[in-house]
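Close look at the chain arrangement
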Amino acid sequence: MAVGLDFGTTNSSIALAGPNGVQIANFASSGGVTEAFRSLLYLHRIRESGRSAIKSWSGPAGIDEYLNSDEKGRLVQSLKSFLTSRSLQTTEVFGRRFKLEELIARILADIRAGAERQFGPTATHVVVGRPVRFVGAESDADDEYALGRLKEALLIAGFREVRFEYEPVGAAYHYESTLDHDELVMIGDFGGGTSDFSLLRVGPSLRRSGVTRQVIGNEGVGIAGDSFDARIIRHLVSPALGAGSELESGGKRLPVPNWVYFKLERWHHLSFLKSAETISMLKSVAGQALEPKKIEALLYLIQHDLGYQLHRAVQRAKIALSNVDRTRLHFSDGEAEIDEELTRADFESWIQEELTAIENHVDELLSKTGTHPADVDVVFLTGGSSFVPAVRRIFESRFGHHKIRTCDEFTSVARGLALRALELR
Ligand SMILES: Nc1ncnc2c1ncn2[C@@H]1O[C@H](COP(=O)(O)OP(=O)(O)OP(=O)(O)O)[C@@H](O)[C@H]1O
Ligand SMILES: [Mg+2]
């Protein structure tokens, strides 16, 4: 069986390719079935036969379990973004140390189990996607390090024969399956963690000959949807939770510690704020703060592990701005309440630095491969963050509106990786 697995920062999917085409796995959730398995993990302490144990749930089951538990456990998101982090080897959850690889493996094992239920018991051999550049990678050595950890997580999860392929190359195989003629295509895959680009020739004649597509070049940068969210948090959420305010200590006015807000901006760091030291520090800050209500709201959010709800509120606002010019960011839970207007123009000005970095990588791919935009037949944009109008404009301005193609934003990579797996058999 030819299986393709896309372990995404935000969403994962898994597909099977065979003589009758590509099949994508479905996962049950309380809201129906979904092809996009949320790459999150929820851990909670349970009592089992009189003993305390730590149980985990991932994907839609993780969300349901989290929402249904009165006393919240630990919900972690965007774990893929930690793979390059040498300082994060293990983390403590309810008094037990977990290796990062083990946490990721729990998500991957659930995906594998779901796929096996639908495809049969052979989902152990897979082609797995990898970003061109992992989040936080500054060198090829960092990428190799991250890849080694991802491989370890896959093996722990029960996948046995693993081959990696660039995520945008996966998307290219999917795009190719829709073609009746050959093309030089530029792929732009914009996810939660990374933006990845590949330039390659695809089409029926290459598919028929079965030769591995010659990739003309790849580029990538660890900037995507999560970085956009970080800007929304910086400008709208953190100020409502006390960022930039002051406290009074020993007769002096001091700023409240800002490192907490940097962690708040990053989904993969957020749940790690819930440590005894941070909470006691914030309690003492709340006691001295000039605007204590804001710090108390922050404490409430951290203590009640509301990262998921905050994430939902930010995503809702951001996604709305892909279609409308203005919206409200609304988040309300106990002592934490945020209700702010935001416009697409504000959002675009906040993410200017990220957009410029993305543009530079697109231009770098063109220049290092000696490709003129006119040589490129089609630009295929995929991944959830490709819906952001400002991201699309980067390509429209360089290649022209008529060259842009989009489809299957959340499953194109897994579908294409499965086709790649079929070719490799
Ligand atoms: N309509 C939309 N407008 C703007 N952003 C969106 C929209 N829909 C989804 N997103 C964003 O897309 C991102 C998720 O996309 P996707 O599932 O492709 O990422 P991923 O594959 O998990 O991540 P990566 O490929 O970086 O590892 C999230 O940041 C989400 O907020
Ligand atoms: Mg992706």
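Treat the numbers as computed from the prediction; the structure is a model and nothing was measured. Each chain carries its own residue numbering, running from 1 in the direction its sequence is written. Labels are handed out in written order, letters beginning with A for the chains and numbers beginning with 1 for the ligands. With pLDDT at 70 or above as the cut-off, local features in this predicted model cover only qualifying residues; side-chain atom pairs require 80 or more to be listed or tallied, and sums for whole chains, interfaces and linings still use all residues. The basis for every side-chain value is the complete set of non-hydrogen atoms in the structure, without hydrogens or water.

1. Focus on empty space enclosed by the protein
Only protein atoms enter the 1 Å grid, on which a cavity is a set of points fitting a 1.4 Å probe that cannot get out and a pocket is an open set with protein on both sides within 12 Å along at least 5 of 7 lines, lining residues being those with an atom within 4 Å of a point. Grid points are joined across faces, edges and corners, and a volume is the space filled by probe spheres set on the points. This model, assessed by the stated rule, comprises three cavities of 30 Å³ or more. Reported here for the largest cavity is a volume of approximately 100 Å³. Every residue along the wall of the largest cavity is listed here: Leu75, Gln77, Trp267, Leu270, Ser271, Lys274, Leu301, Ile302, Asp305, Leu306, Gly307 and Tyr308. Secondary structure elements follow DSSP: runs of H or I of four or more residues count as helices, runs of E of two or more count as strands, with numbering from the N terminus. Contributions of two or more residues to the lining of the largest cavity are made by helix 8 (267–270), helix 10 (292–303) and helix 11 (307–320). Ten residues, namely Ala, Val, Leu, Ile, Met, Phe, Trp, Tyr, Cys and Pro, are considered nonpolar, four, namely Asp, Glu, Lys and Arg, are considered charged, and the remaining ones, Gly among them, are considered polar. Grouping the constituent residues of the lining of the largest cavity by class yields seven nonpolar, three polar and two charged. Size it by volume and the second largest cavity reaches roughly 50 Å³. If you go around the second largest cavity, the residues you meet are Thr9, Thr10, Arg38, Ser39, Leu40, Gln77, Ser78, Asp226 and His311. Grouping the amino acids of the lining of the second largest cavity by side-chain chemistry returns one nonpolar, six polar and two charged.

2. A few points about the domain arrangement of the chain
Examined at the domain level, the chain breaks down into domain 1 (2–178 + 408–424) and domain 2 (226–350). An automatic or database domain assignment supplies the residue ranges for each domain. Between domain 1 and domain 2, the C-alpha centre-to-centre distance is 28 Å. For this analysis, residues touch if any pair of their heavy atoms sits within 4.5 Å. Listed by partner, the interface residues are 17 residues for domain 1 and 15 residues for domain 2. Buried surface area refers to the total accessible area, computed with a probe of radius 1.4 Å, that the two partners give up upon joining, counted for both partners together. For the domain 1 and domain 2 pair, buried surface summed over both sides reaches about 1,500 Å², with 56% attributable to carbon and sulfur atoms. Salt bridges are counted wherever a side-chain nitrogen of Lys or Arg sits within 4 Å of a carboxyl oxygen of Asp or Glu. There are zero salt bridges connecting domain 1 and domain 2. Think of a polar contact as two N or O atoms within 3.5 Å of one another; within protein, one of them needs to be a possible hydrogen donor and the other a possible acceptor, and neighboring residues in sequence only count if both atoms come from side chains. Put simply, domain 1 and domain 2 have five residue pairs in polar contact (both at pLDDT 80 or more) between them.

3. Considering the pattern of salt bridges
Overall, the coordinates contain 29 salt bridges when judged by the stated rule. We note a salt bridge from Asp142 to Arg86, for which the minimum N-O separation is 2.9 Å. You can see Asp142 sitting in helix 3 (residues 140–156) and its partner Arg86 sitting in the loop between strand 9 (74–76) and strand 10 (90–93), a full 56 residues away along the chain. Overall, Asp142 belongs to the buried group, its relative accessible area being 13%. For every residue, the accessible area obtained with a 1.4 Å probe (protein chains only) is divided by the maximum for its type, and the residue is called buried under 20%, exposed over 50%, and partly exposed between those limits. Using a relative accessible area of 44% as the deciding quantity, one classes Arg86 as partly exposed.

4. Considering the site of ligand 1
A cutoff of 4 Å decides nearness: a residue is near a molecule or strand if any of its heavy atoms lies inside that distance of it. Within the structure, ligand 1 sits among 22 residues, and Thr9, Thr10, Asn11, Gln315 and Ser322 are positioned closest to it. At 2.8 Å from an oxygen atom of ligand 1 is found a main-chain nitrogen or oxygen belonging to Thr194. Starting from 660 Å² of accessible surface for ligand 1 in isolation, the protein chains cover 94%. To decide whether a molecule occupies a pocket or cavity, check its atoms: if more than half lie within 2 Å of the grid points, it is inside. Spatially, ligand 1 is embedded in the largest pocket. Here the shell around ligand 1 takes three residues from helix 11, the largest share from any one element. Residue composition of the shell around ligand 1, grouped by class: five nonpolar, 14 polar and three charged. Counting residues domain by domain, the shell around ligand 1 receives three or more from each of domain 1 (2–178 + 408–424) and domain 2 (226–350). Where accessible areas are quoted, they stem from the Shrake-Rupley method and a 1.4 Å probe; at the residue level, only the protein chains shown are allowed to cover.

5. Regarding the packing of helix 1 (residues 59–68) against helix 11
At a minimum axis distance of 11 Å, the contact between helix 1 and helix 11 shows a crossing angle of 115 degrees. Every residue of helix 11 that contacts helix 1 at Ile63, Tyr66 and Leu67 is listed here: Tyr308, Gln309 and Arg312. Split by residue class, the contact of helix 1 with helix 11 holds four nonpolar, one polar and one charged. Structural elements are reduced to axes, namely lines fitted to C-alpha atoms, with helices fitted over the stretch in contact, and the angle between N-to-C directions of any two is expressed from 0 to 180 degrees.

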